Each structure stands twice: as C-alpha cells, then as structure tokens.
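Close look at the chain arrangement
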Amino acid sequence: MSGAKKKIGVFGGTFDPVHKGHSEVVAAVKKEIRPDKIYVVPARNPWMKEDKKIASFKHRVEMLKVVFDRAKNVEIMADEKAEETSYTKTTLAKIGKKHPGSDLFLVLGEDVITRINEWKGIKEILRKVTVVCVKRGEQVDNDITRQLKEINQEARVVVLEKVKSSASSTEYKNNNKASFISKDVLEYIYKNNVYKNG
C-alpha cells in the first residue's frame, strides 16, 4: 500500500555462537510481522556479559554471515567500534536514522525480558518500539505484557508462539550439543578453532 510505514525488525544478541533457535526466531518474525527488513545485530561488547569470556566479534559476525548472508530482507549490522559498549538504545537510534518514520519491532527472547528493567534507557526504548517477544518457556502471554507495561504503560507487545527449538549457545559451549548448530556453522567453528573444546 502506497504511503504505508515500513516495518523494521531489530534482533540483537551475543550470537556466541548463532544456533538453529536464532534462525527459527527470524523465520517466525518474518511470518508473523512481515517486516520490510530485519537487522541482526551482534553485540560487540555486551554490557550484560562483561565478566564472561565470549568468542571474538569477528568470528561471531562471520558465523552470522554463514547463516544469514543469503536470507531475503535480512541484514547483519556490525558497525560497533571496538571500544564501544553495546546498548540497544544506541542501536535503535542508528537504525531510526537509516529508516526515519518507520515502525521499529524489537525482537527479544522471553528470557531477556526478565532483566529488561536493568537496560539503559528502557522507558524511552519502549516508547519507540513494538516489542516482539519470542516464547521459549511456559510463561503466560499476559505476564510478559504486564512486565513491560509496569516499566512503560504505553508499551506495545506482540508475543509469538514458542519456537520449536530449545537450542542454546551455552548448551553448545558447556555440553558440546552440536545438534543445536547448523552444519555450516560447525564447519566454521572447527576450521577456525573458535572454541577450544568446540
């Protein structure tokens, strides 16, 4: 429809490594929200994981390229500077400048929402975006919406049904659950020795 606002999805994360669950989230958002574009945004220096050892930014970006480079309407946004701490507020400001007047859809896993009140500028974020929450557990939709509306009464929330995969980056690294990872990403991990025990 002429004059309709563009829908822009924003899916951030550490992606250490990217796994099948991440791919399913992108597929679910495409199907339900029908965005004009989805930005997949790896956090270079995630503030919530400052005390944890993670794979290099270069490797995490390259693994994302393996999965999403040929995906229609998906773009990997990896322009954070080396010294820059990763904040969703900053990412949304950058994307807002690229797509002025667009509707922004912030894609979050259900597990992230439990700590969302700790985010920098969260009230402002919730004014600017529609939160798309992808269920991973058994939390009731109303509880997810209530949590966000307690932070900002005007919060707009869309809850997508639980994705099929129970994939977890932590499970891969701690327990070597390779079934969570695509064959091509595993090949990259082994070839580049990304994880010492990978």
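Residues numbered from 1 in each chain as written. Predicted model: local features only at pLDDT ≥ 70, side-chain atom pairs only at ≥ 80, totals over all residues. Heavy atoms only, no water.

Describing the overall build of the chain
In terms of regular secondary structure, the chain is built from eight helices and six strands. The linear arrangement of helices and strands in the chain, starting from the amino end, is β-α-β-α-β-α-β-α-α-β-α-β-α-α. Residues classed as buried in the chain amount to 44% of the 198 residues present. Considering only intrachain contacts with a sequence separation of at least 6, the fraction spanning at least 24 residues in the chain is 74%. A total of about 11100 Å² of accessible surface is found on the chain, and carbon and sulfur atoms cover 47% of it. (Helix = DSSP H or I, 4+ residues; strand = E, 2+ residues; numbered from the N terminus. Buried < 20%, exposed > 50% of the residue type's maximum accessible area, 1.4 Å probe, protein only. Contact = heavy atoms within 4.5 Å. Areas by Shrake-Rupley, 256 points an atom, 1.4 Å probe, with all protein chains shown as cover.)

Topic: the side chain of T130
Within the secondary structure, T130 is located in strand β5 (residues 129–134). Given a relative accessible area of 12%, T130 falls into the buried group. Within the structure, the side chain of T130 is placed 3.3 Å from the side chain of R156, a separation counted as a polar contact. Leaving out residues up to four positions away in the same chain, T130 has contacts with L104, F105, L106, R156, V157 and V158. (Polar contact = N/O pair within 3.5 Å; in protein donor to acceptor, adjacent residues only side chain to side chain.)

Here's the deal with the sheet that holds strand β2 (residues 37–42)
Taken in spatial order, the six strands make up an open sheet running β3-β2-β1-β4-β5-β6, and their pairing is parallel. Looking along the sheet, the strands with just one partner apiece sit at the ends: β3 (74–76) and β6 (156–160). Taking the axes of each pair of neighbouring strands and ignoring which way they run, one obtains an average angle of 25° across the sheet. The pairing of strand β4 (residues 103–109) with β5 spans six bridges and is classified as parallel. Across the sheet, F105 pairs through a bridge with T130, a residue of β5. Contacting β1 (7–13), β2, β3, β4 and β5, helix α3 (residues 88–98) runs over the sheet at an angle of about 150° to β1. Across the sheet, helix α6 (residues 141–151) touches β5 and β6, and the angle it forms with β6 is around 150°. (Pairing = 2+ DSSP bridges. Axes fitted to C-alpha atoms, helices over the stretch in contact; angles between N-to-C directions.)

What to know about the packing of aromatic side chains
Enumeration over the complete set of coordinates arrives at one aromatic pair. Ring plane angle 90° and centroid distance 5.4 Å describe the contact between F11 and F15, whose orientation is recorded as edge-to-face. With respect to burial, F11 and F15 carry one shared label: buried. One Lys or Arg, K120, reaches over the ring of Y87 and ends 4.6 Å from the middle of that ring. (Phe/Tyr/Trp six-rings, centres within 6.5 Å; stacked < 30°, edge-to-face > 60°. Lys NZ or Arg CZ within 6 Å of the ring centre and 35° of its normal.)

Let's talk about the pairing of β5
With six of its six residues buried, β5 lies for the most part within the structure. Burial along β5 is two-sided: V129, V131 and C133 and T130, V132 and V134, pointing in opposite directions, are all buried. With five bridges joining them, β5 and β6 adopt parallel strand pairing. What sits directly across from V134, in β6, is L160.

Looking at the nonpolar core
Counting 29 residues, the largest nonpolar core has V29, V40, M63 and F68 as the members making the most contacts within it. When contributions to this core are tallied by element, the ones reaching two or more residues are α1 (20–33), β2, α2 (57–68), β3, β4, β5 and α8 (183–192). When residues of this core are assigned to their parent elements, the largest contribution, five residues, is made by α1. With near-sequence residues (within four places) excluded, V29 lies in contact with R34, P35, I38, V107, V132 and L160. L106, I116, L126 and V129 belong to the second-largest nonpolar core, a separate cluster that totals 24 residues. (Core = buried A, V, L, I, M, F, W, Y, C linked by side-chain atoms within 4.5 Å.)

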